[in-house]
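Observations on chain architecture
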Amino acid sequence: MVYLIWILVPLTVMLSAAVYLCRKAYKGVCFFAKKVSKRKQILIAAAVSAILILPVIDIDGLWFVVLMHLAVFLLVQDAVVLVVRKCFKQKRFPFFAKALYRSGIIAVLAAVAVVGYGCWNMRQIVKTEYTVEAGREIREEGYTIVFFSDLHFGTTMDAEQLRRAAALIESENPDIVILGGDIVDERTSLVQMKEAFAVMGDIRSRYGTFYVYGNHDKNEYSDHPAYTAAELKDTIEQAGMRILEDEACEINGELVLIGRADRGHDPDMRKTAAQLVESADADKEWILIDHQPVEYAEVMESGYGLMLSGHTHAGQVWPLGMLAELFQTNELTYGCRKEGDLTKVVTSGIAGWGYPVRTEKHSEYVVIHLINPLRDASANSFG
């Protein structure tokens, strides 16, 4: 049902926007070309509409985002005019005001400004920090974990930009680096895939770098994938990363990292959260990495202390985040929340998918300071 909504809603919005833009184009032509015959007005409006709308056939292109924003701002403009007419009993407007309205220039400038900001914002990677109290006793200095996901390499970064991001991550002196999936996708070439993991494999940390697959990594959405799942696995491992796919890894005798297979690949084969810790030491801190932020109730009941996810991009392009919250496509869209003994972290991603635009939230890497729950008590006792 959810996937049907995500197909029907965008399709309905796109068709409605196309009809609306055609209508606005026709009204604009009629205003500025009053002396032209009706037939020519229709032809001119059709030509303008075609220039605007036909490039959107390539739905993956940036123009699609611009046009959707243009339609929204034209609607806002119409709403403002309607309010002025109703509330202020304004029947007639000066020619300049009418020309400004019919030209749609304010909406055009607003759309360009917002999308331009989104292109800039996508590339501004920020650090987000959370302090999380462990559920079990750990070493006094705790652990610094750097977590990031959803790079979708090739959408916004090249190798040099990725090296700069990797240098920022390494400067945090992490104990553990965790990659939460969708680092590459169906648009990433074989060369780019190898390039991305070569760069990230050089990030130094005390206990290593761990990788959990996302729904895009294995190229299952492409009829002609640029690389195979086997090539991807070999590349990740050759870069010195440990893949956790429904398996666990113990760190320093105190932590257990558990990585889940992504539910988008083969949900029937994916182990449950409880199955993954059947043989795990209950005296150690269990950290679950699952690309998609789902099944929190089961995770909480199974005794995990921390769960790290990505996938949502925090919406990326407004109003997708709002729609995700409305239809509850994910149990948490962004942020850090504690429920019972479980702390849930969902990152907006270090970049984004498809369009090089981010008008919701920011691109980030997450630094988690995992602290000893007894540290403050000890400090008070001996302070």
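Residues numbered from 1 in each chain as written. Predicted model: local features only at pLDDT ≥ 70, side-chain atom pairs only at ≥ 80, totals over all residues. Heavy atoms only, no water.

Observations concerning the overall build of the protein chain
Keep this limit in mind: Helical segments are the DSSP runs of H or I of at least four residues, strand segments are the runs of E of at least two, and each set is numbered from the N terminus. Relative accessibility thresholds used throughout: buried, under 20% of the residue-type maximum; exposed, over 50%; partly exposed, between the two (1.4 Å probe, protein chains only). Any two residues whose heavy atoms approach within 4.5 Å at even a single point are treated as in contact. When charges are counted, neither His nor the chain ends are considered; positive counts come from Lys and Arg and negative counts from Asp and Glu. Throughout, a charge is located at the NZ atom of Lys, the CZ atom of Arg, the CG atom of Asp or the CD atom of Glu.
Across its full length, the protein chain holds 12 helices and 12 strands. In terms of principal-axis extent, the alpha carbons of the protein chain reach across some 85 × 50 × 40 Å. When the 383 residues of the protein chain are sorted by exposure, 48% land in the buried category. A fraction of 75% describes how many contacts in the protein chain between residues 6 or more apart in sequence connect residues 24 or more apart. Counting 39 positive and 48 negative side-chain charges, the protein chain places the centres of these two groups 21 Å from one another.

So, the sheet that holds strand β11 (residues 342-346)
How we decide: Pairing between two strands is assigned when DSSP locates at least 2 bridges connecting them. In this analysis an axis means a line fitted to C-alpha atoms, helices contributing only their contacting stretch, and an angle means the value between N-to-C directions, from 0 to 180 degrees.
An order of β6-β7-β8-β9-β11-β10 is seen for the six strands of this open sheet, with the pairing classed as mixed. A strand with exactly one partner marks an edge of an open sheet, and here the two such strands are β6 (247-251) and β10 (335-339). Across the sheet, the mean angle separating the axes of adjacent strands is 20 degrees when strand polarity is ignored. Here five bridges tie strand β7 (residues 255-259) to strand β8 (residues 285-289), and the two strands are oriented parallel to one another. Paired with Leu255 across the two strands is Glu285, which belongs to β8.

A closer look at the packing of helix α3 (residues 62-87) against helix α5 (residues 105-122)
Rules: Should an angle fall under 35 degrees it is taken as roughly parallel, and over 145 as roughly antiparallel, whereas 65 to 115 is taken as roughly perpendicular and any remaining angle as oblique. Should the near helix be turned anticlockwise from the far one by less than a right angle, the crossing is left-handed, and should it be turned clockwise, the crossing is right-handed. Three classes are used, and their members are as follows: Ala, Val, Leu, Ile, Met, Phe, Trp, Tyr, Cys and Pro are nonpolar, Asp, Glu, Lys and Arg are charged, and the others, Gly among them, are polar.
Orientation of α3 relative to α5, taken along the N-to-C sense of each, is 135 degrees, at an axis distance of 8 Å. As far as their axial angle goes, α5 and α3 are oblique. As for the relative orientation of α3 and α5, their crossing is right-handed in sense. Within the contact between the two elements, α3 uses Leu62, Val65, Val66, His69, Leu70, Phe73, Leu74 and Gln77 and α5 uses Ile106, Ala107, Val108, Ala110, Ala111, Val114, Val115 and Cys119. Grouping the constituent residues of the contact of α3 with α5 by class yields 14 nonpolar, two polar and no charged.

Focus: unusual backbone geometry
Unusually for a residue other than glycine, Ala314 sits at a positive phi of about 55 degrees. With respect to the element layout, Ala314 can be found in the loop between β9 (306-309) and α11 (320-327). Owing to a relative accessible area of 5%, Ala314 belongs among the buried residues under this scheme. Even without being glycine, Lys361 reaches a positive phi, approximately 60 degrees. Take Lys361: it is sitting in the loop between β11 and β12 (363-371).

Some points on the pattern of salt bridges
To keep things clear, this is the line we draw: Each reported salt bridge corresponds to a side-chain nitrogen of Lys or Arg within 4 Å of a carboxyl oxygen of Asp or Glu.
Counting across every chain of the model gives 18 salt bridges. One salt bridge connects Glu160 with Arg163, and the closest N-O pair in it is separated by 3.5 Å. Placement of both Glu160 and Arg163 in helix α6 (residues 159-170) is noted, with a separation of three residues, approximately one turn of the helix. Exposure remark for Arg163: the relative accessible area of 44% places this residue in the partly exposed category. One salt bridge connects Glu295 with Arg270, and the closest N-O pair in it is separated by 3.4 Å. Of this pair, Glu295 sits in the loop between β8 and α10 (296-301) while Arg270 sits in the loop between β7 and α9 (273-276), and the two are 25 residues apart along the sequence.

Describing helix α8 (residues 229-238)
Applicable threshold: For this quantity, the arc is that covered by the directions from the helix axis to the C-beta atoms.
Listed in full, the buried residues belonging to α8 are Leu232, Thr235 and Ile236. Considered in projection along α8, the buried side chains sweep an arc of 100 degrees and stay on one side of the axis. Buried residues in α8 make contact with α7 (190-200), β4 (209-211) and β5 (242-243). Gly240, located one to two residues past α8, shows a positive phi value of around 90 degrees.

Remarks on the environment of Arg263
With respect to the helices and strands, Arg263 occurs in the loop between β7 and α9. Of the residues examined, Arg263 reaches a relative accessible area of 30% and is grouped as partly exposed. C-alpha of Arg263 to C-alpha of Asp290: the two residues are 27 residues apart in sequence and 8.8 Å apart in space.

Comments concerning the environment of Glu285
Rule in force here: Whenever a nitrogen or oxygen atom comes within 3.5 Å of another N or O atom, the pair is scored as a polar contact, on the condition that within protein one atom can donate a hydrogen and the other can accept it, and that pairs from neighbouring residues in sequence are kept only if both atoms are in side chains.
With respect to the secondary-structure elements, Glu285 resides in strand β8. The buried category is assigned to Glu285, whose relative accessible area is 1%. Sequence separation between Glu285 and Lys233 is 52 residues; the distance between their C-alpha atoms is 27 Å. Side-chain polar atoms of Glu285 contact the backbone nitrogen of Arg136, separated by 3.0 Å.

Remarks on the packing of α6 against α7
The relative placement of two packed helices is expressed as an angle between their axes plus a distance between the axes. The contact between α6 and α7 brings their axes to 9 Å, and the two run at 25 degrees. Comparing the axis directions of α6 and α7 gives the class roughly parallel. Here the hand of the crossing between α6 and α7 comes out right-handed. From α6, Ala159, Leu162, Arg163 and Ala166 reach across to α7, where they touch Glu195, Ala196, Val199 and Met200. For the contact of α6 with α7, a count of residues per class yields six nonpolar, no polar and two charged.

Regarding the sheet that holds strand β3 (residues 176-179)
Pairing is mixed in the open sheet, where six strands are placed in the order β1-β12-β2-β3-β4-β5. Here the strands that pair on one side only, and so sit at the sheet edges, are β1 (125-133) and β5.

Here's the deal with the pairing of β9
As a reminder of what qualifies: A right-handed crossover is one whose linking path, passing over the helix from the first strand to the second, runs clockwise when the strands point away from the viewer.
The side-chain alternation of β9 yields two buried faces, one formed by Leu306 and Leu308 and the other by Met307 and Ser309. This β-α-β element, β8 to α10 to β9, shows right-handed connectivity. Here four bridges tie β9 to β11, and the two strands are oriented parallel to one another. Across the sheet, residue Leu308 finds its bridge partner in β11, namely Val345.

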